[in-house]
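So you can see what is in the structure, the chains are spelled out below.
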Amino acid sequence: MIPTQTACFETINLFLVLAVHMEGGESSSSFPMGESAQERGLSHVPEYYAIPTSHRPSLNPETAHVPIIDLVGFRDSSSRRPVTVNDIGNACRRYGFFQIVNHGIDQFVLDGALSSAFDFFSLPTEEKSKLMSNDVHNPVRYTTSLKDGVDKTQFWRAFLKHYAYPLEDWVKSWPENPPAYREHMGRYAAEVRKLALEIMEAITVSLGIGPKYLSNKMEEGMQVMALNCYPPCPQPGLALGVPPHSDHSCLTILLQSTTGLEILDTEDGKWRAVPELKGTLQVLVGDHVEVLSNGRYKSVVHRATLHKERTRISIASLHSLGMDEKMETAKELVDEEHPKGYKESSFRDFLNLLAKNATIAEGKGFIETLKIQY
């Protein structure tokens, strides 16, 4: 039996329900904000980090078959452009995920961003704690797991999130330390945003609704940078860095220091590891593209696994419409055979629900709450 996407979301639902309903064992409040198990370097995985046996990650996962898109073909005015657009459309339809090469961002910019992220997470706790917050509406915040000292199930990471567009409006609120952070991360943020706009144009062309369908809204839209640090885990087969989820964005571009990203194959329900290929960037289709495409393209369900001996850093750049701009299904993609399948929503809608734990309490991924039932 081939699982549907709804069935695959049962995996997400399990973790979301656990996050608020798990009882017994050690309380997560044993480690207040800034003193989590991963930050303290414990030699064991506390019980409230452990996930159910049937959903634990394999220490030797299968490798995902990941489409590799050469963006030179899209930028070429010759016959290669429609071929590349078709390849991007096929990748969005089958996987909701692809890797890109010849993306135009110099390696020194990528290295500078990763180096700055490593340097930030290496700062003393008291320095990072200046930005500590559980408020999901805060435009700049540092925390660990999902909500420190609140959730019953914790995840083995620390993260920094900050808004990045318009860059001149937000960069002054970014960390002052390390000293080169704003320069290096700002340079990468600006470059990856230009890339995101280009890829989004290719996606709308592949849907048959034209290159400019969302151009103005995307150009005035949001960019959120999420820097994740996954410290070494003494028992990587027991815990996760991030639970299964899809991103509530149009698309996410991911830069990572090493492997650890896994994607869920909706055809067979198996988790597979994304292979490492230096210099590539990962592109993840988000919920907003699923809504826009009326389900032709699916947002990719993914998770972060852990290493026993090394730290993994990832930098996710999430791109969406403006905070209150609602994404709706393209009318061109709705007909009698394909009735409208999704309600419209904005990034603020998602944050409001996240703040209330509404989707968590109901055991649903956010995209599931947008689906119209006939």
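The chain goes by Fe2OG dioxygenase domain-containing protein in an unreviewed UniProt entry, where it is assigned to Rhododendron simsii. In the Sequence similarities (unreviewed entry) part of its UniProt record, the chain is described as follows: "Belongs to the iron/ascorbate-dependent oxidoreductase family." Regarding the chain, the relevant UniProt record gives this comment under Function (unreviewed entry): "Involved in the regulation of shoot development and salicylic acid (SA) homeostasis."

Caption draft 1: Looking closely at the overall build of the chain. A tally of helices and strands in the chain yields 13 helices and twelve strands. Residues counted as buried form 56% of the 374 residues belonging to the chain. Counted over contacts in the chain with a minimum sequence separation of 6, partners at least 24 positions apart contribute 78%. Approximately 15900 Å² of the chain is accessible, and the part contributed by carbon and sulfur atoms is 50%.

Caption draft 2: A look at the packing of aromatic side chains. A complete count under the given rule lists ten aromatic pairs for this structure. Aromatic side chains Y49 and W156 sit 5.2 Å apart centroid to centroid with 70° between the ring planes, which places their arrangement in the edge-to-face category. Taken together, the residues Y49 in the loop between α2 (37-40) and β1 (68-70) and W156 in the loop between β3 (140-144) and β4 (158-163) connect sequence positions 107 residues apart. In this structure Y49 comes out as buried when scored by relative accessible area, which is 1%. Sitting over the ring of Y165, R193 keeps its end group 3.4 Å from the ring centre.

Caption draft 3: Highlighting the sheet that holds strand β6 (residues 242-245). Strand order in this open sheet of four strands is β6-β11-β8-β9, and the pairing throughout is antiparallel. If you trace the sheet from one side to the other, it starts and ends with β6 and β9 (270-273), each paired once. Averaged over all pairs of adjacent strands, the angle between strand axes in this sheet comes to 20°, irrespective of strand direction. For β6 and strand β11 (residues 302-304), the ladder comprises two bridges, and the chain directions are antiparallel. For H245, the partnering residue across the bridge sits in β11 and is H302.

Caption draft 4: Representation of the pattern of salt bridges within the structure. Scanning the entire structure with this criterion turns up 17 salt bridges. E262 serves as the salt-bridge partner of R303, at 2.9 Å between the closest nitrogen and oxygen. Taken together, the residues R303 in strand β11 and E262 in strand β8 (residues 261-265) connect sequence positions 41 residues apart. A salt bridge links D268 to R272; its shortest N-O distance comes to 2.8 Å. We classify D268 as partly exposed; its relative accessible area is 33%. Counted as one network, the salt bridges with shared partners bring together E62, R94, D265, E267, D268, K270 and R272.

Caption draft 5: Inspection of the pairing of strand β7 (residues 251-256) at higher detail. Counted residue by residue, β7 has six buried out of six residues, so it is predominantly covered. Both faces of β7 are covered, namely the face carrying L251, I253 and L255 and the face carrying T252, L254 and Q256. Note that β7 and strand β10 (residues 281-285) share four bridges and pair antiparallel. Among the inter-strand pairings, T252 is bridged to a residue of β10, identified as L284. Note: β7 against strand β12 (residues 312-320), six bridges, orientation antiparallel. Bridge pairing in β12 places T252 opposite L318.

Caption draft 6: Representation of the environment of P244. Mapping P244 onto the fold places it in strand β6. Between the C-alpha atoms of P244 and H302, which are 58 residues apart in sequence, the distance is 5.3 Å.

Caption draft 7: Quick look at the environment of L59. As for its position among the elements, L59 is in the loop between α2 and β1. Each C-alpha atom, one on L59 and one on T305, is 9.1 Å from the other, the two residues being 246 residues apart in sequence. Setting aside residues no more than four positions away along its own chain, L59 makes contact with P236 and G237.

Caption draft 8: Up close: the packing of helix α4 (residues 80-94) against helix α8 (residues 181-206). Running from amino to carboxyl end, α4 crosses α8 at an angle of 85°, the nearest separation of the two axes being 9 Å. Accordingly, the angle class assigned to the pair α4 and α8 is roughly perpendicular. Judged by residue contacts, R81, V85, I88, G89 and C92 of α4 engage E201, A202, I203, V205 and S206 from α8. When grouped by side-chain class, the residues that make up the contact of α4 with α8 number six nonpolar, two polar and two charged.

About the criteria used
- Each chain has its residues counted from 1, running along the sequence as written.
- For a predicted model such as this one, the threshold for reporting local features is a pLDDT of at least 70, and the threshold for listing and counting side-chain atom pairs is 80 or more; totals across whole chains, interfaces and linings nevertheless cover every residue.
- Excluded from the side-chain calculation are hydrogens and water; included are all heavy atoms of the structure.
- UniProt positions are given in the numbering used here, feature names are shortened, and annotations may be inferred rather than shown by experiment.
- For the purposes of this entry, the term helix denotes a DSSP run of H or I that reaches at least four residues, the term strand denotes a run of E that reaches at least two, and both are numbered from the N terminus.
- Partly exposed residues are those whose accessible area sits between 20% and 50% of the maximum for their type, while under 20% is buried and over 50% is exposed, using a 1.4 Å probe and protein chains only.
- Note on definitions: a residue-residue contact is assigned when non-hydrogen atoms from the two residues lie within 4.5 Å.
- Surface accessibility follows the Shrake-Rupley procedure with a 1.4 Å probe radius. Residue values consider only the protein chains on display as shielding.
- When two rings of Phe, Tyr or Trp (its six-membered ring) have centres within 6.5 Å they constitute a pair, described as stacked for plane angles under 30 degrees, edge-to-face for angles over 60, and tilted for the intermediate range.
- Ring-over charges, as used throughout, are those where CZ of Arg or NZ of Lys falls within 6 Å of the ring centre and within 35 degrees of the ring normal.
- Two strands pair if DSSP finds at least two bridges between them.
- Axis geometry follows a simple rule: fit a line to the C-alpha atoms, using only the stretch in contact for helices, then measure angles between N-to-C directions, giving values from 0 to 180 degrees.
- We define a salt bridge as a side-chain nitrogen of Lys or Arg found within 4 Å of a carboxyl oxygen belonging to Asp or Glu.
- Note that the term roughly parallel is reserved for angles under 35 degrees, roughly antiparallel for angles over 145, roughly perpendicular for angles of 65 to 115, and oblique for everything else.
- Only Asp, Glu, Lys and Arg are considered charged, only Ala, Val, Leu, Ile, Met, Phe, Trp, Tyr, Cys and Pro nonpolar, and every remaining residue, Gly among them, polar.

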